Amino acid sequence: MTRAFKILSFQIAVLAAGGVMMTTVATMTHAAAPPAAAVQIDNFTFEAPTLTVRPGTTVTWTNQDDIPHTVVSKDGAFKSKVLDTGDKFSFTFAKAGQFGYYCSLHPHMAGTVIVKG
Amino acid sequence: MFDNDEDRRGFLKCMAWAGTGALFAFDGGIAGSMGLDSALAAPVRPSAAAPFTFVQVSDSHIGFNKPPNADARATFREAIAKVKALRVQPDFIVHTGDVSQLSRDDEFDDAQQILKETGLPVFFVPGEHDMLDPDGGKAFLNRFGKGSKGAGWYSFDHRGVHFVALVNVADLKPGGMGNLGAEQLKWLQADLAGHSSSTPVVVFAHIPLWTVYADWGWGTDDAAEALKLLARFGSVTILNGHIHQITQKVEGRIAFHTARSTAFPQPAPGTAPGPGPLKVPPEQLPGMLGITDAMFVRGNQRIALIDSTLSA
């Protein structure tokens, strides 16, 4: 019984230490991570259709539809492969500007990312 | 030229095998619609020329496996079994695109194998789902578009009818709908130039060649230019897919028709937040999937279209 208690205590200590370490890692990651933003693709629309972010932001699109879509910029700056249900595509916007994009399968689906500092 | 009612009744009689389904008789582009029963009740005289039929299948989406259809291969097999069971075998099959869900080789393979069981020639046009390989449609064209031009367009003549296969899913423009493009329109002009206005013309393409619903992109931006080239013909029938439901309209001497999918239905225009699959209960699904039989009788330039479902 005593021995079991010791093992349990040891486990708790390990867990606690691990927790501290994980928190530290998470904080470090957070401090170092570039800004991020998300756009959901749902019901054949980009939500939100206009997104404003700071330079250096990574935007991630996720296809929530049962039908595949693509994310293609109008000026050729970025182009996803086909995104089936649940697939994601990310692009980092380094410079300021306005970036129109659309789905090359369903071109009536359109959106814009505005990048400004 | 278009007033030979006896022939029409003659071939309507031949359509007795087709079972349930709305029936549309095109009279120089002016469609008369009637129930099959009343059509069969009309006096029948033998047709002067042997009719021929072809079958349109569409939007098989091989590889689709989500609600409302866990197996689009199985429903495509059912549709093809229906074709094989037709008492009057069609001369050929037309597939109006979205053969596959994701342009994968195994999806194209399976579609090809299932269609092969009919032993019939099959003519294809790509849908946007067939353009998803890294080369933007090459996989489809290498397999189903041999001898075609550009993104996959071509024409052929069959028993006095001119068939034109158009591609309106390539190089789509941001904010737009379907698109034929200048190169294809130029080809169409030259292709039609060699045919007299009395030649019946059947055009097939994936996305409708008239605007069914712009908010969902259900139309073709430059369709009007193609329709202008077709306007001088006495009988034009345009067969499309893409919207997974039957719609039809007649404009002048041009009759438009969209076919059901063999994979899943889509909502009627504007009746849902988006055009995604209509998630109907399993027992309702077969009644919303189907094929289209088209019958042509030489001499009276009419085409009868019969849509039948997998439940019929």
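What counts as what
Residues numbered from 1 in each chain as written. Chains lettered and ligands numbered in written order. Predicted model: local features only at pLDDT ≥ 70, side-chain atom pairs only at ≥ 80, totals over all residues. Helix = DSSP H or I, 4+ residues; strand = E, 2+ residues; numbered from the N terminus. Buried ≥ 20, exposed ≤ 12 C-beta atoms within 10 Å, placed from the backbone. Contact = placed C-beta atoms within 7 Å. Pairing = 2+ DSSP bridges. Axes fitted to C-alpha atoms, helices over the stretch in contact; angles between N-to-C directions. Expected span 1.5 Å × (residues − 1). Arc of directions from axis to C-beta. Parallel < 35°, antiparallel > 145°, perpendicular 65-115°, else oblique. Nonpolar A, V, L, I, M, F, W, Y, C, P; charged D, E, K, R; others polar. pLDDT = per-residue confidence, 0-100.

Engineer: Would you explain the overall build of chain B in this entry?
Structural biologist: Along chain B, the regular secondary structure elements total seven helices and 13 strands. The buried share of chain B, reckoned over its 312 residues, is 48%. Here the analysis covers contacts within chain B between residues at least 6 apart in sequence; of these, 72% occur between residues at least 24 apart.

Engineer: Any chance you could explain the sheet that holds strand β11 (residues 254-258) of chain B here in plain terms?
Structural biologist: The pairing of strands in a sheet comes from backbone hydrogen bonds and takes either a parallel or an antiparallel form. Residue and element names in this part refer to chain B. On the basis of which strands lie adjacent, the open sheet formed by six strands has the order β6-β7-β8-β9-β11-β10 and mixed pairing. Bordering the open sheet on either side are β6 (154-158) and β10 (247-251), each of which pairs with just one other strand. On average, each strand axis in the sheet is tilted by 15 degrees relative to the strand beside it, whichever way the strands run. Taken together, the four bridges between strand β7 (residues 161-165) and strand β8 (residues 201-204) define a ladder with parallel strand orientation. By the bridge assignment, His 162 is partnered in β8 with Val 201.

Engineer: Would you take a moment to explain helix α6 (residues 182-193) of chain B for this structure?
Structural biologist: What sets the pattern is the α-helix's 3.6 residues per turn: residues three or four places apart point alike. Residues and elements named next belong to chain B. Over its twelve residues, α6 extends 17 Å from the first C-alpha to the last, a length consistent with the 16 Å expected when each residue adds 1.5 Å. Every buried residue belonging to α6 is among Gln 184, Leu 188 and Leu 192, and all of these are buried. Viewed end-on, α6 has its buried residues packed into an arc of 65 degrees, placing them on one side of the element. α6 presents Ala 182, Lys 186, Ala 190 and Ala 193 as exposed residues on the side facing more than 90 degrees away from its buried surface.

Engineer: Which parts of the structure should I look at to understand the packing of α6(B) against helix α7 (residues 223-230) of chain B?
Structural biologist: Any two packed helices are characterised by how steeply their axes cross, that is the angle between the axes, and by the distance between the axes. Residue and element names in this part refer to chain B. In the contact formed by α6 and α7, the axes pass within 10 Å of each other and the chain directions differ by 10 degrees. With respect to each other, α6 and α7 are oriented roughly parallel. Counting all contacts with α6, which are made through Leu 185, Leu 188, Gln 189 and Leu 192, the residues of α7 involved are Glu 225, Ala 226 and Leu 229. Considered class by class, the residues forming the contact of α6 with α7 number five nonpolar, one polar and one charged.

Engineer: Where do I start with the confidence of the model for chain B in this structure?
Structural biologist: The predicted structure's coordinates, where accompanied by low pLDDT, should not be read in detail. All names here are of chain B. Predicted confidence across chain B gives a mean pLDDT of 86, with 82% of residues reaching 70 or more. The model gives residues 1-49 a pLDDT under 50, and that stretch makes 98 contacts with residues more than four places away or in other chains. Overall fold confidence (pTM) sits at 0.82, and the ipTM for the predicted complex is 0.80.

Engineer: Looking at this model, I keep getting lost on helix α4 (residues 105-116) of chain B. Mind explaining?
Structural biologist: Residue and element names in this part refer to chain B. The terminal C-alpha atoms of α4, which comprises twelve residues, lie 16 Å apart, in line with the 16 Å expected from a rise of 1.5 Å per residue. Of the positions making up α4, those classed as buried are Glu 107, Phe 108, Asp 110, Ala 111 and Leu 115. End-on, the buried residues of α4 take up no more than an arc of 165 degrees, which puts them together on one face. Relative to its buried face, α4 has exposed residues pointing more than 90 degrees away, namely Asp 105, Asp 106, Gln 113 and Lys 116. Looking at the buried residues of α4, the elements they touch are α3 (72-84), β4 (92-95), β5 (122-124) and α5 (138-144).

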